[in-house]
There are 2 protein chains.
Amino acid sequence: MMTALDLPGNASSVHNEGRAARSAVDRARRQVATLVGAEPTHVTFTSGATEAANHVLTPNFRMGKSPLAVSRLYVSAVEHPAVREGGRFAADQVSEVAVTPAGIIDLGALEAMLQAHDRSQGLPMVAVMLVNNETGILQPVADAARITHAHGGLMICDVTQAVGRMPVDIAALDADFLFFSSHKIGGPKGVGALVSRGEVLMPAPLIRGGGQEKGHRSGTENFYSVVGFGAAAEFAATAITERNEAIAALRDHLEREMRLAAADVVIHGADVARAPNTSFFTLPGLKAETGQIAFDIEGVSLSAGSACSSGKVGESYVLTAMGQDPKTGALRISLGPETTGDDIARVIAAFARIAGRRKLADTAA
Amino acid sequence: MMTALDLPGNASSVHNEGRAARSAVDRARRQVATLVGAEPTHVTFTSGATEAANHVLTPNFRMGKSPLAVSRLYVSAVEHPAVREGGRFAADQVSEVAVTPAGIIDLGALEAMLQAHDRSQGLPMVAVMLVNNETGILQPVADAARITHAHGGLMICDVTQAVGRMPVDIAALDADFLFFSSHKIGGPKGVGALVSRGEVLMPAPLIRGGGQEKGHRSGTENFYSVVGFGAAAEFAATAITERNEAIAALRDHLEREMRLAAADVVIHGADVARAPNTSFFTLPGLKAETGQIAFDIEGVSLSAGSACSSGKVGESYVLTAMGQDPKTGALRISLGPETTGDDIARVIAAFARIAGRRKLADTAA
């Protein structure tokens with residue numbers, strides 16, 4: 001990005017400066033495509049995963065030049081709000097697919113819903129995330145895609161929490177579209193990508209104007225951020241197994257110590273496949289808000305649920321979807337490639353102190 | 001921005017890191033608001049002017065919690081494509097208002113169109129830019145707003161090319177909404193703002209999800225870019241008259257020398273009020289594409305029309321709207337606060353050489 005800051009050009013201008021900028025954007029497009037096993041020409045840069053979700057979740061598709069209608073969106077009950085809100089679908093065109101108590105989409109329920117779908121009104125669209133943003137739990141996307149395609153539907157996969165944490169391949173997932181944001185892989189905020197399997201079947205543009213991104217997404221390219229996104233994508237694709245095994249080892253050590261410090265701690269998703277970087281837990285008797293402040297005082301920044309709406313500590317819709325009491329407070333610890341053993345030791349010490357105080361308060365009450 | 005790069009937080013998280021980021025975003029919001037005489041709470045950050053245009057140009061408004069329908073969009077014939085495309089209006093809901101041969105919106109035509117508007121279907125919306133992106137010509141926005149409001153309509157003003165080049169005040173323009181992008185005032189690409197006069201009457205969100213920007217624009221805030229945008233806005237609001245008088249003096253000198261070097265040069269908008277930074281000219285017998293390449297070889301980067309769609313050198317719709325032959329090739333020289341007398345001397349020399357060669361070619365042919 002620092003190198004890019006010295007390139008003054010507009011990537012859509014034809015002059016010399018513009019050409020240098022365009023070549024940097026092309027490189028970023030290849031880097032982003034490589035991260036998810038896609039063709040560079042199938043990458044549309046957006047302002048982030050949320051815009052990409054609003055772009056692709058639409059009843060209005062085109063197959064080449066012909067309009068193609070999508071009449072209903074089926075979303076797993078644990079999708080990110082950017083997907084659960086349904087993008088450009090009307091509220092009554094969106095159906096939720098239940099998850100099991102383990103937090104995994106109920107594929108039988110999906111199959112039944114698609115069987116009942118009336119294709120005379122338009123195709124079904126199914127959105128299932130690869131890794132849940134609160135729990136880190138993996139979803140069986142390829143299985144959901146098989147069912148979706150058997151019913152002539154489109155498969156959309158939010159891989160925001162998965163890229164950089166496990167190999168992601170659009171063909172292996174059998175998804176028609178996937179999307180993610182740059183800042184979750186260490187790139188700058190404010191940029192992301194919608195990646196398509198092909199280029200014939202495409203959603204109607206969300207943002208129209210100057211015709212950038214082959215007309216799929218207008219607006220002057222977010223040049224510096226796109227370059228940073230590309231570099232982050234290249235890093236995220238490198239030594240992915242080794243890096244994530246190290247992160248998983250730290251996370252597993254953390255969770256063992258948490259159980260030793262508080263035998264009653266509930267670690268959500270501990271028994272199913274999870275991304276290596278997430279630990280989402282409930283300490284009985286500790287509210288999420290209280291816990292978050294307590295950790296903040298200890299110098300540890302944790303999230304309560306997802307950090308999407310302004311400073312709000314809400315109930316976890318993911319735990320609710322998993323059949324738990326909506327009042328259950330849960331906190332999320334996120335690890336990254338820069339997390340050290342010392343960081344984890346500090347979190348363990350803070351956790352032990354907070355869990356200990358909670359017991360004292362319980363006894364005193 | 002460099003300082004902001006050291007702040008790790010997500011502006012919507014409640015922990016310490018998040019608070020530091022939020023305070024930096026709040027500061028940027030004040031800086032951007034100040035530039036256009038608005039309230040900080042009336043600034044919605046977007047990914048740029050194009051997204052802001054697509055956000056506000058919609059039939060679906062809300063007055064508080066009640067829906068409010070807008071049934072037709074009237075745009076001047078010289079608006080940027082991001083506006084002329086009509087955002088979320090259907091193509092048959094958009095009408096173009098003609099401009100005079102001088103390139104200024106025909107207010108009589110606007111008045112007649114609004115008189116004929118059927119308000120039983122919804123309100124009219126009028127979009128007139130303050131400064132044209134190709135010619136730099138100023139539009140009578142406050143007059144258009146008076147006519148629009150007399151017919152109960154909403155006034156939208158694209159001030160992308162005006163901010164930093166002249167004082168801009170949302171109340172003086174009498175606009176209900178205005179929008180602009182950061183990179184036109186020296187800030188980073190990929191960020192912009194939709195600014196409203198109040199906060200009761202608002203467009204339905206374009207991008208839904210986590211509920212950032214008070215629910216008006218979801219997606220993780222483009223933190224570093226927002227901070228850079230704020231700094232650029234503060235600079236753009238400073239010493240605006242002095243800075244732009246200096247730029248206008250350079251531009252006027254350039255145009256005098258261009259006329260001396262080629263008596264037949266046509267400088268578009270030279271006889272009406274223009275932004276100080278733009279010179280849009282036609283050299284008879286020189287095609288825009290050829291001219292752009294010739295200047296590029298001389299080390300001068302010029303635009304042919306606007307630089308919005310990928311490397312495309314199209315016909316100028318602005319000159320067409322002004323009643324000129326669509327084949328007229330025109331080139332745009334843009335000056336900025338960093339343009340020096342030496343730069344201008346270099347452009348004049350290149351211009352003289354190119355104009356001279358053109359004459360030789362004409363004679364030879």
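Residues numbered from 1 in each chain as written. Chains lettered and ligands numbered in written order. Predicted model: local features only at pLDDT ≥ 70, side-chain atom pairs only at ≥ 80, totals over all residues. Heavy atoms only, no water.

A. Local environment of the overall build of chain A. In terms of helices and strands, chain A carries 11 helices and 12 strands. Taken over the C-alpha trace, chain A has a radius of gyration of 22 Å; the compact-globule value for 365 residues is 21 Å, and the two agree within 12%. Dimensions of chain A, computed from the C-alpha atoms along their principal axes, are close to 70 × 55 × 35 Å. Every one of the 365 residues in chain A was classed for burial, and the buried ones make up 58%. Of all intrachain contacts in chain A linking residues separated by at least 6 positions in sequence, the fraction that spans at least 24 positions is 67%. A total of about 14100 Å² of accessible surface is found on chain A, and carbon and sulfur atoms cover 54% of it. Charge-centre separation for chain A: the mean point of 33 positive side chains lies 3 Å from the mean point of 38 negative side chains. (Helix = DSSP H or I, 4+ residues; strand = E, 2+ residues; numbered from the N terminus. Rg over C-alpha atoms; globule rule 2.2 N^0.38 Å. Buried < 20%, exposed > 50% of the residue type's maximum accessible area, 1.4 Å probe, protein only. Contact = heavy atoms within 4.5 Å. Areas by Shrake-Rupley, 256 points an atom, 1.4 Å probe, with all protein chains shown as cover. Lys, Arg positive; Asp, Glu negative; His and termini not counted. Charge placed at Lys NZ, Arg CZ, Asp CG, Glu CD.)

B. Quick peek at the sheet that holds strand S10 (residues 266-267) of chain A. Residues and elements named next belong to chain A. Judged by pairing direction, the sheet is antiparallel, and its 3 strands sit side by side in the order S10-S11-S12 without closing on themselves. Since the sheet does not close on itself, it has two edges, and those belong to S10 and strand S12 (331-334), each with one partner. Bridging between S10 and strand S11 (residues 278-282) involves 2 bridges; their strand directions are antiparallel. Each residue of the ladder has a partner; that of Ile267, found in S11, is Phe281. Sitting on the sheet, helix H8 (residues 240-261) touches S10, S11 and S12, and the angle it makes with S11 is about 15°. (Pairing = 2+ DSSP bridges. Axes fitted to C-alpha atoms, helices over the stretch in contact; angles between N-to-C directions.)

C. Molecular detail of unusual backbone geometry. Its identity is not glycine, yet A:Asp174 carries a phi of approximately 60°, on the positive side. Tracing the sequence through the fold places A:Asp174 in the loop between helix H6 (170-173) and strand S7 (177-181).

D. Expanded view of the side chain of A:His117. All names here are of chain A. Structurally, His117 can be placed in the loop between helix H4 (107-115) and strand S5 (123-127). Overall, the relative accessible area of 11% leaves His117 in the buried class. Within the local environment of His117, its side chain forms a polar contact with the side chain of Ser71, the two groups lying 3.3 Å apart. For His117, the contacting residues outside a window of four places in its chain are Ser71, Arg72, Tyr74, Gly122, Leu123 and Pro124. (Polar contact = N/O pair within 3.5 Å; in protein donor to acceptor, adjacent residues only side chain to side chain.)

E. View of the packing of aromatic side chains. All names here are of chain A. Tallying each qualifying case throughout the model produces 12 aromatic pairs over all chains. Seen from their ring centres, Phe45 and Phe229 are 6.0 Å apart, and the 65° between their planes marks the pair as edge-to-face. With Phe45 in strand S1 (residues 43-46) and Phe229 in helix H7 (residues 223-236), this pair connects stretches of sequence that are 184 residues apart. Centre to centre, the rings of Phe180 and Phe229 are 5.7 Å apart; their planes meet at 70°, and the pair counts as edge-to-face. (Phe/Tyr/Trp six-rings, centres within 6.5 Å; stacked < 30°, edge-to-face > 60°.)

F. Summary view of the domain arrangement of chain A. Residue and element names in this part refer to chain A. Each domain of chain A was delimited in the assignment, giving domain 1 (4-236) and domain 2 (240-364). One C-alpha centre belongs to domain 1, the other to domain 2; they are set 29 Å apart. Contact residues are listed per partner, giving 26 residues for domain 1 and 23 residues for domain 2. Taken together, the two surfaces of domain 1 and domain 2 that pack against each other cover about 2000 Å², and 60% of this comes from carbon and sulfur. Contact with domain 2 buries surface across domain 1, with Glu134, Thr135 and Arg165 losing the most and accounting together for 34% of the total. Linking domain 1 to domain 2 there are 0 salt bridges. There are 9 residue pairs in polar contact (both at pLDDT 80 or more) connecting domain 1 and domain 2. Elements with a contribution of two residues or more to the side of domain 1 that touches domain 2: helix H3 (81-84) and H7. Across the side of domain 1 that touches domain 2, the residue classes tally to 14 nonpolar, 8 polar and 4 charged. (Domains from an automatic or database assignment. Buried area = accessible area lost by both parts, 1.4 Å probe. Salt bridge = Lys/Arg side-chain N within 4 Å of Asp/Glu carboxyl O. Nonpolar A, V, L, I, M, F, W, Y, C, P; charged D, E, K, R; others polar.)

G. Broad picture of the packing of helix H4 (residues 107-115) of chain B against helix H5 (residues 141-150) of chain B. All names here are of chain B. At their nearest, the axes of H4 and H5 sit 10 Å apart, and the two run at 15° to each other. Comparing the axis directions of H4 and H5 gives the class roughly parallel. Relative to H5, H4 is oriented so that their crossing is right-handed. Between H4 and H5, the contacting residues are Leu107, Leu110, Glu111 and Leu114 on the first element and Asp143, Ala144, Ile147 and Thr148 on the second. Looking at side-chain class alone, the contact of H4 with H5 contains 5 nonpolar, 1 polar and 2 charged residues. (Parallel < 35°, antiparallel > 145°, perpendicular 65-115°, else oblique. Left-handed = near helix turned anticlockwise from the far one by under 90°.)

H. Broad picture of H5(B). All names here are of chain B. Those residues of H5 that sit buried are Val141, Ala144, Ala145, Ile147 and Thr148. Down the axis of H5, the buried side of the element spans an arc of 165°, and every buried residue falls inside it. Structural note: H5 exposes Arg146 and Ala150 on the side pointing more than 90 degrees away from its buried face. Packed against the buried residues of H5 are H4, strand S5 (123-127), strand S6 (154-158) and helix H6 (170-173). (Arc of directions from axis to C-beta.)

I. Geometry of the side chain of B:Gln212. Residue and element names in this part refer to chain B. Secondary-structure assignment places Gln212 in the loop between strand S9 (201-203) and helix H7 (223-236). On the accessibility criterion, Gln212 (3% relative accessible area) is buried. Within polar-contact distance, the side chain of Gln212 engages the backbone nitrogen of Gly219 at 2.9 Å.

J. Up close: the pairing of S6(B). Residues and elements named next belong to chain B. Burial analysis of S6 places 5 of its 5 residues in the buried class, which makes it a mostly covered element. Burial along S6 is two-sided: the face carrying Leu154, Ile156 and Asp158 and the face carrying Met155 and Cys157 are both buried. As defined by bridge partners, S5 adjoins S6 across 3 bridges and the pair is classed as parallel. Bridging across to S6, Val126 finds its partner in Met155. Between the parallel pair S5 and S6, the chain is carried across by H5, and the sense of this crossover is right-handed. (Right-handed = clockwise from strand over helix to strand, strands pointing away.)

K. Focus on H8(A). Residue and element names in this part refer to chain A. In a regular helix each residue adds 1.5 Å, so 22 residues correspond to 32 Å; H8 covers 31 Å between its end C-alpha atoms and thus fits that length. Residues of H8 that are buried: Ile240, Arg243, Asn244, Ile247, Ala248, Leu250, Arg251, Leu254, Glu255 and Met258. All buried residues of H8 fall inside an arc of 160° around its axis, so they share one side. Projecting away from the buried face of H8 at angles above 90 degrees are the exposed residues Glu242, Glu245, Arg256 and Leu260. (Expected span 1.5 Å × (residues − 1).)

L. View of empty space enclosed by the protein. Counted by the stated rule, this structure contains 6 cavities of 30 Å³ or more. A:Phe45, A:Arg217, A:Thr220, A:Glu221 and A:Asn222 are the residues nearest the centre of the largest cavity, which is lined by 16 residues in total. Looking at the lining of the largest cavity residue by residue, the class counts come to 4 nonpolar, 9 polar and 3 charged. One number sums up the size of the second largest cavity: a volume of about 110 Å³. Taken together, 14 residues line the second largest cavity, and the ones lying closest to its centre are B:Thr46, B:Arg217, B:Thr220, B:Glu221 and B:Asn222. Residues of the lining of the second largest cavity, tallied by class, amount to 3 nonpolar, 8 polar and 3 charged. (1 Å grid on protein atoms, 1.4 Å probe; cavity = no way out; pocket = protein on both sides within 12 Å on 5 of 7 lines; lining within 4 Å. Points joined across faces, edges and corners; volume = space filled by probe spheres on them.)

M. Structural context of the environment of B:Met125. As for its position among the elements, B:Met125 is in strand S5. A sequence separation of 50 residues divides B:Met125 from B:Val75, and the C-alpha atoms of the two residues are 8.5 Å apart.

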